[in-house]
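# Tertiary structure, described
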Amino acid sequence: GCTFQTPGGGYFIWVTLPAGADTQALLDRADAHQVSFIPGARLTPDGSGRQALRLSFALMKPEALAEGARRLGALIASA
């Protein structure tokens, strides 16, 4: 139920979770899944974007990115 657009450049990807998701609440439990992200509400001037998050992919190898995606998926599924 998550959506994203393939970035044309840069270091980050913006992911939108299903309606009703709260990425700040997910971040509070992210350490237990050994994953991290920036909640979307922190990156919008009006605090909207509570169901979105920003991920960095700049410094990670493909294998680590795949593992991070698996962990993030488990976190989202446990919500």
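Everything below is about the structure shown above.
## Quick word on the packing of aromatic side chains
- Within the structure shown, the criterion is met by 0 aromatic pairs.
- Taking NZ or CZ as reference, Arg54 lies 3.8 Å from the ring centre of Phe12, over its face.

## A look at a nonpolar patch on the surface
- On the surface, Leu59, Met60 and Leu65 cluster together into a nonpolar patch covering about 330 Å² of accessible area.
- Checked against the element boundaries, Met60 lands in the loop between strand E4 (52–56) and helix H2 (62–77).
- With relative accessibility at 45%, the residue Met60 sits in the partly exposed group.

## Description of unusual backbone geometry
- Of note, the phi angle at Gln34 is positive, near 55°, even though the residue is not glycine.
- You can see Gln34 is positioned in the loop between helix H1 (23–30) and strand E3 (38–39).
- With a relative accessible area of 60%, Gln34 lands in the exposed category.

## Digging into the pattern of salt bridges
- What the rule picks out here adds up to 3 salt bridges.
- Asp22 serves as the salt-bridge partner of Arg50, at 2.7 Å between the closest nitrogen and oxygen. A residue pair is termed long-range when its members are at least 10 positions apart, and Arg50 in the loop between E3 and E4 and Asp22 in the loop between strand E2 (12–16) and H1 qualify at 28 residues.
- Judged by relative accessible area, Asp22 falls into the partly exposed class, the value being 25%.
- Glu67 is the salt-bridge partner of Arg71, the closest N and O atoms lying 2.9 Å from each other. Taken together, the positions of Arg71 and Glu67, both in helix H2 and 4 residues apart, correspond to about one turn of that helix.
- Taken together, the shared-partner salt bridges in this structure form one network comprising Glu67, Arg70 and Arg71.

Rules used throughout
- Residues numbered from 1 in each chain as written.
- Predicted model: local features only at pLDDT ≥ 70, side-chain atom pairs only at ≥ 80, totals over all residues.
- Heavy atoms only, no water.
- Phe/Tyr/Trp six-rings, centres within 6.5 Å; stacked < 30°, edge-to-face > 60°.
- Lys NZ or Arg CZ within 6 Å of the ring centre and 35° of its normal.
- Patch = residues over 30% accessible without salt bridge, like charges linked within 9 Å, V, L, I, M, F, W, Y side chains within 5 Å.
- Areas by Shrake-Rupley, 256 points an atom, 1.4 Å probe, with all protein chains shown as cover.
- Salt bridge = Lys/Arg side-chain N within 4 Å of Asp/Glu carboxyl O.
- Helix = DSSP H or I, 4+ residues; strand = E, 2+ residues; numbered from the N terminus.
- Buried < 20%, exposed > 50% of the residue type's maximum accessible area, 1.4 Å probe, protein only.

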